[in-house]
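Per-entry structural report
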2 protein chains.
Amino acid sequence: MVQLVKVQNFNVSRDGFGAGSDQSLEHPFGHADPTIMFAWAGATASWPNRTDPGGSRGLDDYFTRDFANNIGAEIMGRNKFSPHRGPWTDHDWLGWWGDEPPFHTPVFVMTHHLRPSFTLSDTTFHFVDAEPAEVLDRAKRAADGKDVRLGGGAATIRQFLDADLVDTMHVAVSDIELGAGSQLWRSPDEFDDRFHHEVVPSPSGVTHHLLWRR
Amino acid sequence: MVQLVKVQNFNVSRDGFGAGSDQSLEHPFGHADPTIMFAWAGATASWPNRTDPGGSRGLDDYFTRDFANNIGAEIMGRNKFSPHRGPWTDHDWLGWWGDEPPFHTPVFVMTHHLRPSFTLSDTTFHFVDAEPAEVLDRAKRAADGKDVRLGGGAATIRQFLDADLVDTMHVAVSDIELGAGSQLWRSPDEFDDRFHHEVVPSPSGVTHHLLWRR
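Every chain's residues receive numbers from 1 upward, in the order its sequence appears when written. Naming scheme: in the order in which they are written, chains are lettered from A and ligands are numbered from 1. Only residues with pLDDT of at least 70 get local features here, since the model is predicted, and only at 80 or more are side-chain atom pairs given and counted; chain-wide, interface and lining totals rely on the full set of residues. Side-chain numbers here rest on the full set of heavy atoms in the structure, without hydrogens or water.

Examining the overall build of chain A
Secondary structure elements are taken from DSSP: a helix is a run of H or I of four residues or more, a strand is a run of E of two residues or more, and numbering for both begins at the N terminus. Within chain A, the secondary structure is distributed over 6 helices and 11 strands. Only C-alpha atoms enter the radius of gyration, while the globule expectation follows 2.2 Å times N to the 0.38, with N the number of residues. Taken over the C-alpha trace, chain A has a radius of gyration of 17 Å; the compact-globule value for 214 residues is 17 Å, and the two agree within 12%. Projecting the C-alpha coordinates of chain A onto the three principal axes gives extents of approximately 45 × 40 × 35 Å. The buried share among the 214 residues of chain A stands at 50%. Here the contacts in chain A between residues at least 6 apart in sequence split such that 62% fall between residues at least 24 apart. A 1.4 Å probe and the Shrake-Rupley method give the accessible areas. Residues count as covered only by the protein chains that appear here. Accessible surface computed for chain A: about 9,700 Å², of which carbon and sulfur atoms make up 51%. Distance from the positive charge centre (19 side chains) to the negative charge centre (30 side chains) of chain A: 3 Å. To sort residues, take the accessible area from a 1.4 Å probe on protein chains only and compare it with the maximum for the residue type: under 20% means buried, over 50% means exposed, and anything in between is partly exposed. Working rule for contacts: check all heavy atoms of both residues, and any pair within 4.5 Å makes them a contact. Charge counting follows a simple rule: Lys and Arg are positive, Asp and Glu are negative, and His as well as the terminal groups are ignored. Every charge is mapped onto a representative atom, which is NZ of Lys, CZ of Arg, CG of Asp or CD of Glu.

Details of the sheet that holds strand β5 (residues 118–120) of chain A
All names here are of chain A. In spatial order, the strands read β5-β6-β4-β3-β7-β1-β8-β11-β10; together these 9 strands make up an open sheet with mixed pairing. Because the sheet does not close on itself, it has two edges, and the strands there are β5 and β10 (195–201). When the angles between neighbouring strand axes are averaged without regard to direction, this sheet yields 20 degrees. As defined by bridge partners, strand β3 (residues 71–77) adjoins strand β4 (residues 106–110) across 4 bridges and the pair is classed as parallel. Paired with Gly77 across the strands is Met110, a residue of β4. Between any two strands, at least two bridges found by DSSP are needed for them to pair. Orientation is described by lines fitted to C-alpha atoms, with helices fitted over the stretch in contact, and by angles between N-to-C directions that extend from 0 to 180 degrees.

Some details on the sheet that holds strand β3 (residues 71–77) of chain B
All names here are of chain B. Strand order in the open sheet formed by 9 strands is β5-β6-β4-β3-β7-β1-β8-β11-β10, with mixed pairing between adjacent strands. The open sheet terminates on both sides in strands that have one partner only, identified here as β5 (118–120) and β10 (195–201). Taking each pair of neighbouring strands and ignoring which way they run, the sheet shows an average axis angle of 20 degrees. Bridge analysis of strand β8 (residues 168–173) against strand β11 (residues 207–213) gives 6 bridges, and the strand direction is antiparallel. Looking at β11, one finds that His170 is bridged to Leu210. Relative to the sheet, helix α5 (residues 132–142) contacts β1 (5–12), β3, β4 (106–110), β6 (123–128) and β7 (147–152), its axis offset from that of β4 by approximately 170 degrees. The strands that helix α6 (residues 154–162) touches are β1, β3, β4, β7, β8 and β10; relative to β7, the one it contacts most, it runs at about 130 degrees.

A few points about the interface of chain B and chain A
The figure often quoted for interface size is the accessible area lost as the parts come together. Across the boundary between the two partners, chain B contributes 19 residues, which contact 19 residues of chain A. We define buried area as the total accessible area lost by two parts upon association, computed with a 1.4 Å probe and summed across both. The contact between chain B and chain A buries some 1,800 Å² in all, and 65% of this surface belongs to carbon and sulfur atoms. Of all residues in chain B, Arg57, Tyr62 and Trp212 of chain B bury the most surface against chain A, accounting for 34% of the area lost on that side. One side-chain nitrogen of Lys or Arg within 4 Å of one carboxyl oxygen of Asp or Glu is enough to make a salt bridge. The tally of links between chain B and chain A comes to 2 salt bridges. Among the ionic pairs, Arg65 of chain B bridges to Asp66 of chain A, the shortest N-O distance being 2.6 Å. Polar contact is the term for a pair of N or O atoms within 3.5 Å; when the atoms are in protein, one must be able to donate a hydrogen and the other to accept it, and sequence-neighboring residues count only if both atoms are side-chain atoms. Inspection of the chain B/chain A interface yields 4 residue pairs in polar contact (both at pLDDT 80 or more). Only α3 (59–65), β8, β10 and β11 of chain B provide two or more residues apiece to the side of chain B that touches chain A. For the side of chain B that touches chain A, the element with the most residues is α3 of chain B, which contributes 4 residues.

Overview of the pairing of β3 of chain A
For a regular strand, the rule is simple: side chains alternate between the two faces of the sheet. All names here are of chain A. When you tally the buried positions in β3, you get 7 out of 7 residues, the bulk of the element. Alignment of β3 against strand β7 (residues 147–152), held across 5 bridges, turns out to be parallel. Within the sheet, the bridge partner assigned to Met76 lies in β7 and is Gly152.

Some details on the relation of the copies chain B and chain A
Least-squares superposition aligns the copies on the C-alpha atoms of those residues with pLDDT at or above 70 in both. Relative to chain A, chain B is turned by 180 degrees and slid 0.0 Å along the rotation axis, the superposed coordinates differing by an RMSD of 0.0 Å. Taken together, the rotation and translation relating the two chain copies correspond to the operation of a two-fold axis. Looking at the rotation axis and the C-alpha trace of chain B, the residue lying nearest is Tyr62 of chain B, at 3.5 Å. Of all interface residues in chain B, 100% are interface residues in chain A too; the two copies therefore contact each other through one and the same surface.

Things to note about the packing of aromatic side chains
Here a pair means two rings of Phe, Tyr or Trp (six-membered ring of Trp) with centres within 6.5 Å. Their orientation is stacked below 30 degrees between planes, edge-to-face above 60, and tilted elsewhere. One pass over the structure, following the stated rule, counts 30 aromatic pairs over all chains. Ring geometry for Phe118 of chain A and Phe125 of chain A: centres 5.1 Å apart, planes at 25 degrees, overall stacked. The buried category is assigned to Phe118 of chain A, whose relative accessible area is 13%. Here Phe125 of chain A falls in the buried class, since its relative accessible area comes to 0%. Between Trp93 of chain B and Trp96 of chain B, the aromatic rings sit 5.0 Å apart at their centres with planes inclined by 85 degrees, giving edge-to-face as the arrangement. A relative accessible area of 15% means that Trp93 of chain B is categorised as buried. Residue classification places Trp96 of chain B among the partly exposed residues on the basis of a relative accessible area of 23%. Among the aromatic residues, ring-to-ring pairing joins Phe81, Trp88, Trp97, Phe103, Phe118, Phe125 and Phe127 of chain A into one connected group. Charges are assigned to positions over rings by a cutoff of 6 Å between ring centre and Lys NZ or Arg CZ, combined with an angular limit of 35 degrees from the ring normal. Across from the ring centre of Trp88 of chain A, 4.9 Å away, lies the NZ or CZ of Arg115 of chain A, which sits over that ring. Cation over ring: Arg149 of chain A sits above Phe67 of chain A, and NZ or CZ is 3.7 Å from the ring centre.

Here is the structure:
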């Protein structure tokens, strides 16, 4: 059974930045406003953090509800997990997501600064100091035959792209400019030698880019 | 928990026909060529009847793989189930789909000609002679909290639309004309008073129409 490595619902600005500069506890996406970046998903009926009923059931909802489809593990970079840099001073930080993280699978956090695994609800975080291929090997074993989501940030996705380990990418491009930060690409066309590439403008204003390995 | 009534991956021609005229055992879609009507789905990686690996993983694949997502029952018309008309002469006909029908849930076939339920693999077919609201009530109870797919044909979907029982519709419009047969709509805009309506052209050439209740 083929286990795919998938980038899903990753958001970038028109100039390719997945997050702004100067990440902090108060600003997980740096100078980028996540409510603008994720507006397309937040407006859908399937958005997991909805507080009211309703929401759109058009194109954007397909992408939102596909997020967990056949995913058995996630890999993320340390900066997606935490605003801290360097060695851990304690292990109090348990991620941005509260008691119910949205992953519901094992999560592998790539970092040079190891710490013990821990579990919140049905998500277990593991910390690994290894090259992409080795981390992927661990994630695939943990995924129980299902696919592996590559959750970002942009630098982590780039590492896997450079190692040619990515099978599919869904990247939503919001109509804002960031100018600086963590950049996924200069142009969404730069992988066209290796990936099929569909550009799907959504009625909501976001543009979905779908890439899959040639 | 809300149980939606959904039309999913229903195919029509540019002039709104879901099937051609003169359905028969040899021609389940009458004079319409199903290999043209369904070409967009058949080209995707998630198409359940693939005989080779590969297939596209772009926009059309999202729709194809969403077909079974949270669906707990299907309702179909008698003409989707069978080329026969009038009373059953025997109960030998078990549908077009062989030993492994693609539904994997209870299926409710609307017909004035009842016959005993039967099971093939994980699909059980029930036969009901009742109005849409009553059939839907039975399907919702059988769906175990999940959504109900309204599988067609066009006349059956129209009955549910006329009774205002449809929550969402995904209809794929192929770039062919049929001129006659079983018609879903004269224009996809004719429900715009009751439904939000997104038109999403796919790079494959098919146009996806997404409608959801206002």
